[in-house]
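The residues making up each chain are set out below.
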Amino acid sequence: MATPRPAKRFVASVERVPDCTHVVLITTGSVASIKAPLIVRELLKYENVKIEVVSTKPSLVFFKREDIESQGVRVWTDEDEWSDSYKIVDPILHIELRRWADVVLVAPCSANTLAKISNGICDNLSTSLLRALAPTTPTYIFPAMNTLMYEHPLTSEHLRVVRDIVKYNIVGPIGKPLACGDIGLGAMTEWLDIVKIVVERFQLLRSAGHA
């Protein structure tokens, strides 16, 4: 039996559910991606929350996708975007995801992905999804990188474009000891604070089993 095309599988099994908050979490190539399973697990403790995770290949170095998929949440990668049997009339994954999303979290946002967003580059599933988003979709960027990468003169320009022109919400980074051993500004906002942003924006209620 032929394997279903990813986009077809997406349309068939992930549809918008009335009265639910649909969260897309994008993970990129920063060690802070290790927090992705925790973000997913905590968000699922609230009523009527649906989550889809979109991960760049480098981000998968830092967590096991099974730790997310075991919670009933799918992890999408570049390989899911197109197939050899794609036809013009078939759904396109990054478009289906942007139609599905009520809110998008880029947590963490690496220096590389930040540079891509600010320059309009869309060469993978994550950046194609971001480029396709409607301006009305609330989108939060959580930068995470080495301190000197954050202090690089181009970073402030990239952040300015993303904040002032693209109109995304930039949260963080924060100062703390980094995974590389340096101490300084560049760490991703604490993962519980990321969850809190979604909870407060959409006034989510804790599920009875997690009160």
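An unreviewed UniProt entry lists the protein chain under the name Flavoprotein domain-containing protein, from Leucocoprinus leucothites. In the Sequence similarities (unreviewed entry) part of its UniProt record, the protein chain is described as follows: "Belongs to the HFCD (homooligomeric flavin containing Cys decarboxylase) superfamily."

Undergrad: When you look at the environment of Leu130 in this model, what are you seeing that I'm missing?
TA: Checked against the element boundaries, Leu130 lands in helix H6 (residues 125-132). Taking the relative accessible area as the measure of exposure, Leu130 reaches 5% and is therefore buried. Each C-alpha atom of the pair Leu130 and Ile183 lies 31 Å from the other, and the pair is 53 residues apart in sequence. In this structure, Leu130 is in contact with Ile26, Val104, Val106, Ile117, Thr139 and Tyr168, ignoring residues within four places of it in sequence.

Undergrad: Looking at this model, I keep getting lost on helix H2 (residues 36-43). Mind explaining?
TA: Because the α-helix completes a turn every 3.6 residues, residues three or four places apart line up on one side. Within H2, six of the eight residues are buried, which leaves it mostly tucked inside the rest of the structure. The inward-facing, buried residues of H2 contact strand E1 (21-27), strand E2 (49-55), helix H3 (65-69), strand E4 (103-109) and helix H9 (191-202).

Undergrad: How should H6 be read in this particular structure?
TA: For H6, the buried fraction is high: six of the eight residues fall into the buried class. Regarding H6, the residues found buried are Leu125, Ser126, Thr127, Ser128, Leu129 and Leu130. At the N-terminal end of H6, a side-chain oxygen is found 3.3 Å from the backbone nitrogen of Ser126, two or three residues along, and the residue is Asn124.

Undergrad: Teacher, can you tell me more about the pairing of strand E5 (residues 139-143) here?
TA: A regular strand places its side chains on the two faces of the sheet in alternate fashion. Most of E5 sits inside the fold, with five of its five residues counted as buried. With burial as the criterion, each face of E5 is covered, one bearing Thr139, Ile141 and Pro143 and the other bearing Tyr140 and Phe142. By the bridge criterion, four bridges tie E4 to E5 in an arrangement that is parallel. Residue Val104 lies in a different strand from E5, and its bridge partner there is Thr139. Judged from the two bridges that link them, E5 and strand E6 (residues 169-170) form a sheet pairing that is parallel. Within the sheet, the bridge partner assigned to Tyr140 lies in E6 and is Asn169.

Undergrad: Just to check I follow, could you spell out the sheet that holds E6 for this structure?
TA: The pairing of strands in a sheet comes from backbone hydrogen bonds and takes either a parallel or an antiparallel form. Pairing in this open sheet of six strands is parallel, and the strands run E3-E2-E1-E4-E5-E6 from one edge to the other. One side of each edge strand has no neighbouring strand; the edge strands of this open sheet are strand E3 (74-76) and E6. Pairing of E2 with E3 involves three bridges; the strand directions are parallel. By the bridge assignment for E3, Val53 is matched with Val75. Relative to the sheet, H2 contacts E1, E2 and E4, its axis offset from that of E1 by approximately 175°.

Undergrad: Quick question: what am I supposed to make of the packing of helix H5 (residues 111-118) against helix H8 (residues 153-165) here?
TA: A pair of packed helices can be characterised by two numbers: the angle between their axes and the separation between those axes. Packing of H5 against H8 brings their axes to within 9 Å, and their N-to-C directions diverge by 50°. Judged on the interaxial angle alone, H8 and H5 are oblique. Crossing angle aside, the handedness with which H5 passes H8 is left-handed. Contacts between H5 and H8 involve Leu114, Ala115, Ile117 and Ser118 on the former and, on the latter, Thr155, His158, Leu159, Val161 and Val162. Among the residues forming the contact of H5 with H8, the class breakdown is six nonpolar, three polar and no charged.

Undergrad: Looking at this structure, how should I read the pattern of salt bridges?
TA: Between side chains of opposite charge, pairing is possible as soon as their charged atoms come close. In total, this model carries 10 salt bridges according to the counting rule given. The shortest N-O distance in the salt bridge between Glu42 and Arg206 comes to 2.8 Å. Of this pair, Glu42 sits in helix H2 while Arg206 is found in the segment after H9, placing the two residues 164 residues apart along the sequence. We classify Glu42 as buried; its relative accessible area is 11%. With a shortest N-O distance of 3.1 Å, Arg99 and Glu96 are connected by a salt bridge. With Arg99 and Glu96 both in helix H4 (residues 93-100), this residue pair falls three residues apart, about one helical turn. Where salt bridges share partners, they join Glu42, Lys45 and Arg206 into one cluster.

Thresholds applied
- Residues numbered from 1 in each chain as written.
- Predicted model: local features only at pLDDT ≥ 70, side-chain atom pairs only at ≥ 80, totals over all residues.
- Heavy atoms only, no water.
- UniProt positions renumbered as here; feature names shortened; annotations may be inferred.
- Helix = DSSP H or I, 4+ residues; strand = E, 2+ residues; numbered from the N terminus.
- Buried < 20%, exposed > 50% of the residue type's maximum accessible area, 1.4 Å probe, protein only.
- Contact = heavy atoms within 4.5 Å.
- Polar contact = N/O pair within 3.5 Å; in protein donor to acceptor, adjacent residues only side chain to side chain.
- Pairing = 2+ DSSP bridges.
- Axes fitted to C-alpha atoms, helices over the stretch in contact; angles between N-to-C directions.
- Parallel < 35°, antiparallel > 145°, perpendicular 65-115°, else oblique.
- Left-handed = near helix turned anticlockwise from the far one by under 90°.
- Nonpolar A, V, L, I, M, F, W, Y, C, P; charged D, E, K, R; others polar.
- Salt bridge = Lys/Arg side-chain N within 4 Å of Asp/Glu carboxyl O.

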